[in-house]
Amino acid sequence: MDPMDWLEKDELLRFFHRHKTEMSLMENPHTFLNQLRDHDLVPEDHYKKVSRMKSKDNIKNGLYGILDWLEKERSKSIKDFWRCVFREPILHQYPTLRELRNSLMDGSFHFETQEPETVETEETDEGKRKDLSDDEEGEENQASSVKKKMKLRSEKSVCDDEEEQAGPSSRSSPRKKSKKISFSSPLKKGEKNDIWTWTMFKHQLPVTCGQKEGSLNRDRLAKGEKCIAVGKQWFTPNEFQTFAGRKSCKNWKWNIRCKDTSLGKLIKEGHLKAANYKRGGKKAKKSLFPSGDVVTDEEGEEQPEQQPEASRDSGRKVFKVTCGALAGTLHKKRFASGTRGKSIRTETSWMSPVEFIKEASCPTDASWRKDIKYEGEPLSVLLEAEILSIDSPNCTCRNCKPSVTDLESQKNDDECSICKIEEEEEEELVVCDHCPRSFHQKCHLPHVEDTILGDDSLWMCTFCVFRTNRDCFYCDELEREAAMSRQISQRMLQCQYLLLYLSSADEEQIFASNPCLYLQNYSMVIKTPMWLGNIADKLQEQLYKTVGEFVSDVQLIFTNCASYNRDNAEYLAAGNRLKELFDGEMKNVFNISE
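Values in this document were obtained by computation on a predicted structure and should not be read as measured data.

Peer 1: Outline the pattern of salt bridges, supporting the account with residue identities and numerical values.
Peer 2: Side-chain pairs of opposite charge can arise whenever the charged atoms involved come near each other. Going through the model one piece at a time under the given rule, you end up with 15 salt bridges. Across the pair Lys20 and Glu71 runs a salt bridge, and its minimum N-O distance is 2.6 Å. Here Lys20, found in helix H2 (residues 20-24), pairs with Glu71, found in helix H5 (residues 56-73); they are 51 residues apart in sequence, far enough to count as distant. Pair check on accessibility: Lys20 and Glu71 agree, each one buried. A salt bridge links Glu570 to Lys265; the shortest N-O distance between them is 1.3 Å. Of this pair, Glu570 sits in helix H26 (residues 569-590) while Lys265 sits in helix H14 (residues 263-268); the two residues are 305 residues apart in sequence, bridging distant segments of the chain. Residue class for Glu570 comes out partly exposed when judged on its relative accessible area of 40%. Linked through salt bridges whose partners overlap, the residues forming this network are Lys20, Asp68, Glu71 and Lys72.

Peer 1: Which residues make up the sheet that holds strand E11 (residues 373-374), and what values go with them?
Peer 2: Read from one edge to the other, the open sheet built from 6 strands follows the order E10-E9-E8-E7-E11-E12, with strand pairing classed as antiparallel. At either end of the open sheet lies a strand with only one pairing partner, and these are strand E10 (350-351) and strand E12 (377-378). Looking at chain direction, E11 and E12 are connected through 2 bridges and run antiparallel. By the bridge assignment, Tyr374 is partnered in E12 with Glu377.

Peer 1: Describe the nonpolar core, listing the residues and the values that go with them.
Peer 2: Counting residues in hydrophobic clusters, the biggest one holds 52 residues, and the most contacted among them are Leu539, Phe550, Phe582 and Phe590. Where this core is concerned, the elements lending two or more residues are helix H20 (462-469), helix H21 (480-484), helix H22 (492-505), helix H24 (532-540), helix H25 (547-564) and H26. Residue contributions to this core peak at 9 residues, all from H22. Dropping the residues within four chain positions of it, Leu539 is found in contact with Leu445, Ile488, Met492, Cys495, Gln496, Leu499, Tyr544 and Phe550. Listed in part, the 29 residues of the second largest apolar core include Tyr47, Leu67, Phe81 and Val85.

Peer 1: Hey, could you go over the pairing of strand E2 (residues 212-217) for me, with residue numbers and the actual values?
Peer 2: Bridging between strand E1 (residues 204-209) and E2 involves 6 bridges; their strand directions are antiparallel. The residue of E2 that forms the bridge with Gln204 is Asn217. In this structure, the hairpin formed by E1 and E2 is closed by a connection of 2 residues, where Gly210 is found at a positive phi of approximately 65°. Alignment of E2 against strand E3 (residues 228-230), held across 2 bridges, turns out to be antiparallel. Bridge assignment links Leu216 to a residue of E3, and that residue is Ile228.

Peer 1: Summarise unusual backbone geometry; cite the residues concerned and give the values.
Peer 2: The step from Leu445 to Pro446 runs through a cis peptide bond, and the omega angle for that step is -5°. If you trace the backbone, Pro446 turns up in the loop between strand E14 (438-439) and helix H19 (450-453). The phi dihedral of Asn28 is positive, around 50°, even though this residue is not glycine. Its location among the elements puts Asn28 in the loop between H2 and helix H3 (30-38). Residue Glu375 is not a glycine yet carries a positive backbone phi of 50°.

Peer 1: Describe the confidence of the model for the protein chain, listing the residues and the values that go with them.
Peer 2: Predicted confidence across the protein chain gives a mean pLDDT of 76, with 73% of residues reaching 70 or more. The low-confidence segment residues 110-192, where pLDDT is below 50, has 51 contacts with residues more than four positions distant or belonging to other chains. A low-confidence stretch, residues 279-311 stays under pLDDT 50, and its non-local contacts, those more than four residues away or across chains, total 144 contacts.

Peer 1: Talk me through helix H6 (residues 78-85); I want residue IDs and the actual numbers.
Peer 2: Here H6 has its buried residues at Ile78, Phe81, Trp82, Cys84 and Val85. All buried residues of H6 project into a common sector of 165° when viewed along the axis, lining one side.

Peer 1: Mind laying out the packing of aromatic side chains, listing which residues take part and the relevant values?
Peer 2: Taken as a whole and assessed by the stated rule, the structure comprises 18 aromatic pairs. Plain terms: the ring middles of Tyr497 and Tyr501 are 6.0 Å apart, the flat faces sit at 35° to each other, and that makes the pair tilted. In this pair, Tyr497 and Tyr501 both sit in helix H22, 4 residues apart, roughly one turn of the helix. Judged on exposure class, the residue Tyr497 and its partner Tyr501 are both buried. Here the aromatic cluster, defined as three or more aromatic residues joined through ring pairs, consists of Phe15, Phe16, Phe32, Phe81, Trp82, Phe86 and Tyr94. A cation sits over an aromatic face here: Lys212 above Phe243, 4.9 Å from the ring centre. Arg220 extends its terminal NZ or CZ atom over the ring of Trp234, reaching a point 3.9 Å from the ring centre.

Peer 1: Give a detailed account of the packing of H22 against H26, specifying residues and quantitative values.
Peer 2: Remark: H22 packs on H26, axes separated minimally by 10 Å, with the N-to-C direction vectors making an angle of 155°. Considering their axes alone, H22 and H26 lie roughly antiparallel with respect to each other. Read as a crossing pair, H22 and H26 show a hand that is right-handed. When H22 is examined against H26, the residues Gln494, Cys495, Tyr497, Leu498, Tyr501, Leu502 and Ala505 are found in contact with a partner set consisting of Arg577, Leu578, Leu581, Phe582, Glu585, Met586, Val589 and Phe590. Grouping the amino acids of the contact of H22 with H26 by side-chain chemistry returns 12 nonpolar, 1 polar and 2 charged.

Peer 1: Please provide a residue-by-residue account of the state of the cysteines, values included.
Peer 2: Tallied over the entire structure, the rule returns 0 disulfides. Cys443 forms no disulfide, and the closest cysteine sulfur to it belongs to Cys416, at a distance of 3.8 Å.

Conventions and cut-offs
- Residues numbered from 1 in each chain as written.
- Predicted model: local features only at pLDDT ≥ 70, side-chain atom pairs only at ≥ 80, totals over all residues.
- Heavy atoms only, no water.
- Salt bridge = Lys/Arg side-chain N within 4 Å of Asp/Glu carboxyl O.
- Helix = DSSP H or I, 4+ residues; strand = E, 2+ residues; numbered from the N terminus.
- Buried < 20%, exposed > 50% of the residue type's maximum accessible area, 1.4 Å probe, protein only.
- Pairing = 2+ DSSP bridges.
- Core = buried A, V, L, I, M, F, W, Y, C linked by side-chain atoms within 4.5 Å.
- Contact = heavy atoms within 4.5 Å.
- pLDDT = per-residue confidence, 0-100.
- Arc of directions from axis to C-beta.
- Phe/Tyr/Trp six-rings, centres within 6.5 Å; stacked < 30°, edge-to-face > 60°.
- Lys NZ or Arg CZ within 6 Å of the ring centre and 35° of its normal.
- Axes fitted to C-alpha atoms, helices over the stretch in contact; angles between N-to-C directions.
- Parallel < 35°, antiparallel > 145°, perpendicular 65-115°, else oblique.
- Left-handed = near helix turned anticlockwise from the far one by under 90°.
- Nonpolar A, V, L, I, M, F, W, Y, C, P; charged D, E, K, R; others polar.
- Disulfide = S-S within 2.5 Å.

The following block contains the structure:
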């Protein structure tokens with residue numbers, strides 16, 4: 001994001017004025033001067049004069065003089081100035097400039113909106129003046145002197161009164177009021193330092209996808225219209241993703257970002273509302289795959305809903321529920337009633353609420369409203385709060401009166417377990433005949449060939465194949481070094497399972513794509529980028545020779561995450577969580593001894 005996209009020229013000029021001194025004190029400013037010269041922002045004679053200076057003090061004074069000249073003579077080029085000095089190589093060399101850019105980006109810069117007025121303080125002593133004026137017996141010179149002083153003060157007082165009356169409210173001589181420029185942070189006390197909460201971004205947000213930048217209109221997004229403007233052209237999120245050269249990346253919610261935060265996360269947390277941008281109706285699915293042991297919190301495309309804002313759960317789409325020892329997730333989109341709509345997803349299948357309590361071995365007279373719990377409270381609480389609603393007996397929706405195709409479709413997930421995207425007109429989901437999981441053909445490992453889609457025989461995903469045969473893999477424990485040295489051709493199923501398990505656990509797709517495409521300075525910090533999609537491609541193309549090479553690439557993702565996100569606790573925690581999952585599952589898969 002470029003702060004020049006939403007800050008006015010006057011604002012940037014005032015910011016420049018307040019920070020000239022700081023910039024003039026930068027150590028070794030020759031590169032800074034070269035950059036200004038290269039962009040034709042400094043006259044050649046000024047540049048040569050300062051560049052020849054040897055004394056540090058002279059250089060600082062000379063640099064301040066150039067900045068002062070820029071402010072006075074080249075104020076119209078203030079945006080060009082900030083753009084040229086905010087280039088990543090320049091920021092890398094001068095921490096002062098990086099701090100200034102961060103200050104513009106996060107709204108933390110602050111200074112008074114009006115220039116300080118000079119106030120003259122005059123010594124007044126009414127008692128002394130009265131004594132002097134009443135002293136008729138004093139010497140003439142002294143009396144004369146006192147009278148002159150009193151006259152001067154009186155005249156000055158009259159002038160002061162006139163000047164005070166000629167203020168902004170004066171009709172006879174109005175004083176032009178300068179435009180109020182606010183550089184204080186738009187955050188109120190206690191608010192999070194997130195730009196999507198600022199008043200100035202109430203209607204639109206700056207967004208990026210890869211190297212492309214645009215402006216997201218909140219209202220258009222909520223209505224399902226073309227909502228991202230680039231210049232004078234409008235795009236839908238999918239079109240903007242294609243415009244950024246990322247057509248192969250299906251999930252725009254995680255690829256389009258605002259200040260390094262995905263739109264999917266903003267939608268999930270309620271900062272944004274998004275309509276369904278899906279291009280076609282749902283087609284019948286061919287069998288294929290699940291999301292490991294990790295439950296997703298979100299169902300594909302968001303649907304804008306008007307729910308009571310009083311409840312903190314009013315915007316939720318998925319609810320973690322329990323009945324006795326059995327756990328699952330209730331999906332609002334599928335819920336119809338106790339017996340209609342397979343709305344609760346367990347590890348092994350989709351069930352209606354009544355089927356769920358039967359699976360949990362609850363008493364035959366059990367009530368699903370009371371015995372199914374959400375955060376320790378009965379499900380009836382959600383019904384009473386109108387967060388969930390029971391369809392009428394005469395309802396004919398696909399949940400209440402499903403067709404044969406709908407019934408078959410309800411056995412599996414509505415979204416791909418890997419990329420978290422629902423089925424689209426362009427690409428159907430493949431579903432597993434042995435578990436509730438669903439996949440896109442190229443999200444599964446190995447990729448699902450078209451010949452399989454045309455085959456009427458039952459199909460088993462890699463998760464099910466692995467778990468069905470895992471007892472046959474190893475009898476004895478292995479040392480880590482021995483496990484890593486095995487040829488991957490003999491352990492391909494285990495590696496494919498591990499990567500699918502890891503990818504399905506990456507719910508927000510943080511580690512799925514090349515970070516260099518959406519983090520502008522990533523390649524300067526991380527020399528060897530790695531991401532899950534790259535590892536999947538290498539597995540599919542059989543480019544690894546040993547298990548150790550595969551594991552090394554996976555671990556590189558976590559190492560890079562820790563290096564790049566030292567000051568970002570959220571992403572650091574996400575990387576650590578995924579690393580712990582991978583390390584634990586890898587020990588189980590290869591039977592590695594502690």
